[in-house]
Number of protein chains: 4
Amino acid sequence: MTVFDVSPRSTDLRERLSAFMAEHIYPNEAEIARQINTGDRWQHLPLIDELKPRAQEAGLWNLFLPPASSRDGKYGAGLSNLEYAGLCEIMGRVWWAPEVFNCSAPDTGNMEVLSRYGTPEQQEQWLIPLLNGEIRSAFSMTEPDVASSDATNIQSSITRDGEDYVINGEKWWTSGAGDPRCVISIFMGKTEPQAERHLQQSMILVPLDAPGVTKERMLTVFGYDDAPHGHAQMGFKDVRVPATNMLLGEGRGFEIAQGRLGPGRIHHCMRLIGQAERALELMVQRASQRVAFGKTLLGHQHVREAIAESRMEIDQARLLTMNAAHMMDTVGNKAARGQIAAIKVVAPNVALRVIDRAIQVYGGAGVSQDTPLAMMYAQARTLRLADGPDIVHAETVAKVEIGRQGVGGSRSA
Amino acid sequence: MTVFDVSPRSTDLRERLSAFMAEHIYPNEAEIARQINTGDRWQHLPLIDELKPRAQEAGLWNLFLPPASSRDGKYGAGLSNLEYAGLCEIMGRVWWAPEVFNCSAPDTGNMEVLSRYGTPEQQEQWLIPLLNGEIRSAFSMTEPDVASSDATNIQSSITRDGEDYVINGEKWWTSGAGDPRCVISIFMGKTEPQAERHLQQSMILVPLDAPGVTKERMLTVFGYDDAPHGHAQMGFKDVRVPATNMLLGEGRGFEIAQGRLGPGRIHHCMRLIGQAERALELMVQRASQRVAFGKTLLGHQHVREAIAESRMEIDQARLLTMNAAHMMDTVGNKAARGQIAAIKVVAPNVALRVIDRAIQVYGGAGVSQDTPLAMMYAQARTLRLADGPDIVHAETVAKVEIGRQGVGGSRSA
Amino acid sequence: MTVFDVSPRSTDLRERLSAFMAEHIYPNEAEIARQINTGDRWQHLPLIDELKPRAQEAGLWNLFLPPASSRDGKYGAGLSNLEYAGLCEIMGRVWWAPEVFNCSAPDTGNMEVLSRYGTPEQQEQWLIPLLNGEIRSAFSMTEPDVASSDATNIQSSITRDGEDYVINGEKWWTSGAGDPRCVISIFMGKTEPQAERHLQQSMILVPLDAPGVTKERMLTVFGYDDAPHGHAQMGFKDVRVPATNMLLGEGRGFEIAQGRLGPGRIHHCMRLIGQAERALELMVQRASQRVAFGKTLLGHQHVREAIAESRMEIDQARLLTMNAAHMMDTVGNKAARGQIAAIKVVAPNVALRVIDRAIQVYGGAGVSQDTPLAMMYAQARTLRLADGPDIVHAETVAKVEIGRQGVGGSRSA
Amino acid sequence: MTVFDVSPRSTDLRERLSAFMAEHIYPNEAEIARQINTGDRWQHLPLIDELKPRAQEAGLWNLFLPPASSRDGKYGAGLSNLEYAGLCEIMGRVWWAPEVFNCSAPDTGNMEVLSRYGTPEQQEQWLIPLLNGEIRSAFSMTEPDVASSDATNIQSSITRDGEDYVINGEKWWTSGAGDPRCVISIFMGKTEPQAERHLQQSMILVPLDAPGVTKERMLTVFGYDDAPHGHAQMGFKDVRVPATNMLLGEGRGFEIAQGRLGPGRIHHCMRLIGQAERALELMVQRASQRVAFGKTLLGHQHVREAIAESRMEIDQARLLTMNAAHMMDTVGNKAARGQIAAIKVVAPNVALRVIDRAIQVYGGAGVSQDTPLAMMYAQARTLRLADGPDIVHAETVAKVEIGRQGVGGSRSA
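Calculation notes
- Residues numbered from 1 in each chain as written.
- Chains lettered and ligands numbered in written order.
- Predicted model: local features only at pLDDT ≥ 70, side-chain atom pairs only at ≥ 80, totals over all residues.
- Helix = DSSP H or I, 4+ residues; strand = E, 2+ residues; numbered from the N terminus.
- Rg over C-alpha atoms; globule rule 2.2 N^0.38 Å.
- Contact = placed C-beta atoms within 7 Å.
- Axes fitted to C-alpha atoms, helices over the stretch in contact; angles between N-to-C directions.
- Parallel < 35°, antiparallel > 145°, perpendicular 65-115°, else oblique.
- Left-handed = near helix turned anticlockwise from the far one by under 90°.
- Nonpolar A, V, L, I, M, F, W, Y, C, P; charged D, E, K, R; others polar.
- Buried ≥ 20, exposed ≤ 12 C-beta atoms within 10 Å, placed from the backbone.
- Pairing = 2+ DSSP bridges.
- Least-squares fit on C-alpha atoms with pLDDT ≥ 70 in both.
- pLDDT = per-residue confidence, 0-100.
- UniProt positions renumbered as here; feature names shortened; annotations may be inferred.
- Domains from an automatic or database assignment.
- Expected span 1.5 Å × (residues − 1).
- Arc of directions from axis to C-beta.

Draft legend 1. Quick peek at the overall build of chain A. The number of helices and strands found in chain A is 13 helices and nine strands. Relative to the compact-globule value of 22 Å for 413 residues, chain A shows a C-alpha radius of gyration of 22 Å, a close match. Along the first, second and third principal axes, the C-alpha set of chain A runs to 75 × 70 × 45 Å. In chain A, the proportion of contacts linking residues at least 24 apart, taken out of those at least 6 apart, comes to 71%.

Below you can see the structure in the form of structure tokens.
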């Protein structure tokens, strides 16, 4: 319980979500692992399909969709960022759970973009099936040949040619592209290489079955292929899409990216906090059972310190993230950009430290397939890189702070 | 701005307090330093006496006093822990400021004890002059010969003898005892050495001019004597006080100590956060002015990282502390004991890291008398020891967490 | 160059080994990856077989074998621990390189055990083919159901029955057992459960084709299966081996384990330092090529700090490890046990920090199959667990220090 | 014992020095504290004067002086940097001990400069009395108004005027200037402001009783004034000295500074390691005596970890420093500049961590005058700033590493 438990609706949803996790998610972790490791790794998992209607029936579907995008409550729960944050943490405790609730990345961000910036036709064709959980989507931004931490480096081209755009480029870390149901990607590239830096890029919808789109290889993350979703390196060679696939307009790619970022970071960070809580629970459980040198591991002060450190770090990271969500809800993403940058640094690092301590308490089991810890570590580690490395966000925090002090020049020394 | 800005009253007080600091405190820092270093170091500072009536007039007096102790608003502001926390941070920005508002330790804790547990006579004699800022008080608990982190180690004796108690023992770190106006101390010692461990100790009021009380020497903290308050080592040899000086009753020392701890920790931690904010401001200011290798220090990424790290750590520590205050207000000190223990570990360590970074940015000036940083560091360092070392509080955090998980046994693995 | 470059022979070997690495190992890294990922993952790699005779011809074979075990120079180079340490670092730069030189774990430790404690018959049957690189071997110690950090926890049984011993137990992390050429394991288990704690365990040679030996499953490390060597969980059910397979005698398992540990730790640590050096080189190379925000990554102070930190940590870890090797050579493993414990804590942690920084500089490529970094990280992470977790070794360091001070009681306070 | 125990002469000196410390230094720590705190704080300490002849008799005088400067052994021991390093550690265990052996900063650096670059007249006038311990000296480089981490910032002027130079400038952190026997300072300032950056500065000998030299105030370090040596802020206003006081020649200030730096850093770092060893000893002693929660502090795993961490960090820092000394002896200061920069970062940080842990074990006594720990901390903290902040040296380490890799371009990726 924290000061952030303000909305009865949010509390109610949290309780129902936890109950669903206890009934349908945790008991199925082994079965999901079995399904992934049986037969073709790149097939959709049947169990997920079974669980999705149950989540819909339970009213736990599309919880991520913010009020402005919920079409008068027709879609989504219309929760504030703060309200959704607590739910995101719970779903994040099991890596495959968010999909069951149609709340998994990058679909959530893509649905938001389509909801805010899509034409009615684009929404009909892509948003509705996504909201219904019938298809999945990808986001093609990062490129292998440049430092994408500096988004102006992106080299792919989107060139107008009559009624079409012609797309060329090489993208990687296109997450989710391994899933056969992933049929559409939001693609970022340059429409106007000569324009001012932040007006060069556009975003356009690219069907993944369009001629010229090639799934070149799947990337691994610390040895994991993350099947069946996976992370693809993809080639786009003279790919033609109708000009109507453009999102918002030429040169507005950065503008869309900015709007997409804030909520996505809250989601990522709260899921990481869910992972960290899970790791802490696993640590305490193991430590209460294993015996070394004549006492349980809980009897060793070293382990108790690991538990205490983890609790203190998680609580701080959660409060920081929820406060950022609250700021977004009250003063807007732009005014909250320092807070949003801060959680992007803090949450992955806290999760990594907590998971690492849990691994250490488990010993060999901790790095193996016998616990979810090693996979959690690998995923959390990528979040110190994905969507900008730590240092880029730290620079934003510093910039905001320096600016704030400049304004507050009358402050005492 | 955070989610904790809930009360208009608290917001109003914060603004008025900041204005008072800007008008009367910051501009007088040099003068206070001058008064301390001129003549007898152990005299009360005239400037503090001049400022106190101004604080009273401004309605910024005894802000610490909680509703239950404010005597229907006659004394104190009746603020919740959460409301007061934000004010405590502001006062904490300058080490001598809290006294101006009659909000300095250990007086605040002593006034609370007297307010909650004192007899009408004890209150008349000691509480009223303390609330009026006419006298000051001390707290005599820690002993030089034992590890006081384990409070059951305390060896001093309080022995009934007719209408009196006879007190013997050696105490140190009796802070504030250097001030000539410090005339009374709350003294902890054993009344019943054979009783169950937590019923052995009592607290009693001991006038510092009682025969047998000796101020043996003043302790230094990293070279600072902290005059004119100071930290005394004191001998108590066959000191007689009337039996009516006993607080609450024999054997109830631990009970009083427990009640005293929660708010005191919030205060200490929020003052530390105020110190850390101050250090961060100083760091940014210096970095914007000094030039090295052809650019200002702000132009060096290393310094910007120090700023970002500091901002992220401070914000987390503040949220954790405010959340602990909120828990105390809503579920009570006992249920919030894990949160209270956590801030006692987190806040001093965060403050030390931030201050240390500021020192590094200042170079030689940072360790000297030319900035408040070195003194801030020394004070913050003692708070990793005072009122229990880090490890003792980390053990509490671990214990609460392990207990919580034991209850939540149905949680998934 | 360090003070440890004392032996011309060691310098000469180092140069020749580096030349071999440059000619035969680094250029073949991609080919090895290809061979592993083509066809049956659990087949011996042809390229390794091609390179082994070249290493033999180059006089870079069995370099690990210490003087006492080299049979008058017939086998091995007869190098001191200090001399071999520097070579071990070079081989460790590529994870599959040590096998090319017949210097890979756990064969090296097993060969040493057989060389020091084996009977002539045991040596003829197992040591000679191992020294010739014709077979490989495993070490079966850790068990899944107990905290093996406390070696007295080991539960497997070795029971005398006529001319045989009957072996029962469950072992895991039997590294190398995936390789079809791995035909023999040194197995640790209890012969005398009622004896004094350190006399309960024995070590015995168990052929892996003996009836009752089952390879139950292969464990993953993060997502890596480490094919074709791998880490097996193995069942031993009523396995019969001739009584002559016992090593040294019943109840002497701990004694053998002790003798085995020292050199093995030097090897592991120096290989880790080799990995860290490799990671640092990769970091500098990438940083010199990638451009972000208008300059190469080397132009960002943050990256230069990562380089400097890495250099300072690696140099310290290397000196500590070489000094431990020197102590083993001069005062013996027992007197050097504090130093040996220290490197087991320091080296993996330093390697992890350096590799992690390199990953961060690489971004997405760093966690993928495009660099060796993620796999290096996974391997280094297990070395904070394998052969005892950090805390067990830290306890040894503390114990030695406390003992030393006890002896040095005349030291001043 | 380490690999560096190579010279019997060094071993012999170390034993004799340790014996002297045990007989004359440790037993007198309380008396020195008493003498400092009695009467005029800025008088030379009589006890030091008593001990100096004893050190001379014991052949433990001017040990710092390198072979090239020892005038055929007439002065100093002619020890290599590596040999002297171990002695420096021992002297460093007590802050006032080096002066007893005429090995204290900044005299040692000044004597080296005079020995290497002084004219016979300069040597006669200043070097001989310094070598005899009859006078003391200062070094005036850092200025309050500029970032002296960038030495080109130095603003003071040295202007030729006939047979004199006229000196103007403001200096601070002129350490040792509080001592009445401190009669001469080496002063750095600009002779040729228009010259190439590294040829602008010169060094000149300035008697402290010259008209125009003012000791403006003494700086504190944390709260310590470090009497009777102290750290002065000094004004130089139209100070005239004979042109013969110039050292080496106009424009050669940087050249002298460079030569002075290497040995000085070894000395500082080894003294810090001595301090850290002392702190570790104190920590173990206290932990073996104090009881908390039913066992000695050594019985708490947390404390044992503090001991182990300290031992591991100290040993690494010592090996790094001794290796740097060895490199200086064998390949020269310039080739060893990366190693020299590294120890300047590592040693103070290690010392601070170890001392901080010791303070925590001591509790209140640790920050007070009852142990040397708080003063040790304050002194070590300044060494993260003095002679360049950490980041400046880290940049050097990075630069050397990047250069090394550039050269070693044939290294594998």
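Draft legend 2. Focus on the packing of helix α9 (residues 301-331) of chain C against helix α10 (residues 337-362) of chain C. Residue and element names in this part refer to chain C. Relative to each other, α9 and α10 sit at 160°, their axes nearing to 9 Å. Taken together, the axes of α9 and α10 are roughly antiparallel relative to one another. For α9 against α10, the interelement crossing comes out left-handed. When α9 is examined against α10, the residues Val-303, Ala-306, Ser-310, Glu-313, Ile-314, Ala-317, Leu-320, Thr-321, Asn-323, Ala-324 and Met-327 are found in contact with a partner set consisting of Gln-339, Ile-340, Ala-342, Ile-343, Val-346, Ala-347, Val-350, Arg-353, Val-354, Arg-357 and Val-361.

Draft legend 3. View of the interface of chain B and chain C. Taken together, the contact between chain B and chain C spans four residues of the former and four residues of the latter. Of the residues contributing to the side of chain B that touches chain C, the split by class is no nonpolar, three polar and one charged.

Draft legend 4. Representation of the pairing of strand β4 (residues 182-190) of chain C within the structure. Residue and element names in this part refer to chain C. For β4, a buried count of eight out of nine residues is recorded, marking the element as mostly surrounded by other parts of the structure. Sheet topology places strand β1 (residues 136-140) next to β4; five bridges connect them, and they run parallel. For Arg-136, the partnering residue across the bridge sits in β4 and is Cys-182. Looking at chain direction, β4 and strand β5 (residues 201-207) are connected through seven bridges and run antiparallel.

Draft legend 5. Focus on the interface of chain A and chain B. With 35 residues of chain A at the interface, the matching set in chain B holds 35 residues. Residue assignment for the side of chain A that touches chain B shows that the elements contributing at least two residues are α8 (253-289), α9 (301-331), α10 (337-362) and α13 (390-407) of chain A. If one sorts the elements of the side of chain A that touches chain B by residue count, α9 of chain A sits on top with twelve residues. Class assignment of the residues belonging to the side of chain A that touches chain B gives a composition of 20 nonpolar, seven polar and eight charged.

Draft legend 6. Region of interest: the relation of the copies chain A and chain B. Rotating chain A by 180° and moving it 0.0 Å along the rotation axis overlays it on chain B with an RMSD of 0.0 Å. Both chain copies can therefore be described as sitting about a two-fold axis. Identified as the residue of chain A closest to the rotation axis by C-alpha distance is Gln-316 of chain A, at 2.6 Å. Of all interface residues in chain A, 100% are interface residues in chain B too; the two copies therefore contact each other through one and the same surface.

Draft legend 7. Quick peek at the relation of the copies chain B and chain C. Superposition of chain B onto chain C requires a rotation of 180° combined with a translation of 0.0 Å along the rotation axis, giving an RMSD of 0.0 Å. A share of 100% of the interface residues of chain B reappears at the interface of chain C, consistent with the copies meeting face to face through the same patch.

Draft legend 8. Quick look at the confidence of the model for chain A. All names here are of chain A. Scored by pLDDT, chain A comes out at a mean of 93, with 95% of its residues at no less than 70. Low pLDDT (under 50) marks residues 407-413, which in the prediction has five contacts with non-local residues, meaning those over four places away or in another chain. Interface scoring of the predicted complex returns ipTM 0.95; its pTM is 0.96.

Draft legend 9. Representation of the UniProt feature "domain: Acyl-CoA oxidase/dehydrogenase middle" (unreviewed entry) in chain A in the model. According to UniProt, the positions carrying the feature "domain: Acyl-CoA oxidase/dehydrogenase middle" (unreviewed entry) are residues 138-233 of chain A. In this annotation, residues 138-233 of chain A is assigned 0% helix and 48% strand; the end-to-end C-alpha distance for the span is 12 Å.

Draft legend 10. Looking closely at the pairing of strand β7 (residues 231-242) of chain A. Residue and element names in this part refer to chain A. In this structure, strand β3 (residues 164-175) lies alongside β7, joined through nine bridges in antiparallel fashion. Residue pairing in the sheet places Gly-169 in a bridge with Phe-236 of β7. Strand direction decides the pairing type here: strand β6 (residues 213-219) and β7, joined by six bridges, are antiparallel. For Val-213, the partnering residue across the bridge sits in β7 and is Phe-236.

Draft legend 11. Fine view of the domain arrangement of chain A. Residue and element names in this part refer to chain A. The domain architecture assigned to chain A consists of domain 1 (8-108), domain 2 (136-251) and domain 3 (254-406). If you look at the interface, domain 2 gives nine residues, while domain 3 gives ten residues. Classifying every residue of the side of domain 2 that touches domain 3 gives six nonpolar, three polar and no charged.

Draft legend 12. Here's a closer look at unusual backbone geometry. Following Ala-227 of chain A, the chain continues to Pro-228 of chain A via a peptide bond in cis, the omega torsion being 0°. Among the structural elements, Pro-228 of chain A can be located in the loop between β6 and β7. At Phe-222 of chain B, a position not held by glycine, the phi torsion is positive, near 50°. For Phe-222 of chain B, the location among the structural elements is in the loop between β6 (213-219) and β7 (231-242). Of note, Asp-226 of chain C is a non-glycine position whose phi angle comes to about 55°, a positive value. Along the chain, Asp-226 of chain C falls in the loop between β6 (213-219) and β7 (231-242). Under the C-beta neighbour-count criterion, Asp-226 of chain C is labelled buried, with 22 such atoms within 10 Å.

Draft legend 13. Inspection of the packing of helix α10 (residues 337-362) of chain D against helix α12 (residues 373-382) of chain D at higher detail. All names here are of chain D. The contact between α10 and α12 brings their axes to 9 Å, and the two run at 160°. It follows that α10 is roughly antiparallel to α12 by the angle criterion. Handedness of the crossing formed by α10 with α12: left-handed. Mapping the contact onto sequence places Pro-348, Ala-351, Leu-352, Ile-355, Asp-356, Ala-358, Ile-359 and Tyr-362 in α10 and Leu-373, Ala-374, Met-376, Tyr-377, Ala-380 and Arg-381 in α12. When grouped by side-chain class, the residues that make up the contact of α10 with α12 number twelve nonpolar, no polar and two charged.

Draft legend 14. Seen up close, the environment of Asn-245 of chain C. All names here are of chain C. Inspection of the secondary structure assignment puts Asn-245 in the loop between β7 and α8 (253-289). Remark: the alpha-carbon pair of Asn-245 and Arg-41, spanning 204 residues in sequence, is separated by 32 Å. With near-sequence residues (within four places) excluded, Asn-245 lies in contact with Ile-204 and Leu-205.

Draft legend 15. Up close: the UniProt feature "domain: Acyl-CoA dehydrogenase/oxidase C-terminal" (unreviewed entry) in chain A. Taken from the UniProt record, the annotation "domain: Acyl-CoA dehydrogenase/oxidase C-terminal" (unreviewed entry) applies to residues 251-400 of chain A. Taken end to end, residues 251-400 of chain A has its terminal C-alpha atoms 26 Å apart, with 79% of it in helix and 3% in strand.

Draft legend 16. Main features of helix α12 (residues 373-382) of chain B. The element α12 of chain B is largely enclosed, with a buried count of ten among its ten residues. The complete set of buried residues in α12 of chain B reads Leu-373, Ala-374, Met-375, Met-376, Tyr-377, Ala-378, Gln-379, Ala-380, Arg-381 and Thr-382 of chain B. Buried residues along α12 of chain B sit against α8 (253-289), α10 (337-362) and α11 (364-367) of chain B together with α11 (364-367) of chain D.

Draft legend 17. Inspection of helix α7 (residues 120-131) of chain A at higher detail. All names here are of chain A. Look at α7: only 14 Å from first C-alpha to last across twelve residues, short of the 16 Å you get at 1.5 Å a residue. Taken together, the buried positions of α7 are Trp-126, Leu-127, Leu-130 and Leu-131. The buried side chains of α7 occupy one side of the element, clustering within an arc of 130° when seen end-on. Relative to its buried face, α7 has exposed residues pointing more than 90 degrees away, namely Glu-121 and Glu-124. Of the residues flanking the end of α7, it is Gly-133, one or two places downstream, whose phi is positive at about 70°.

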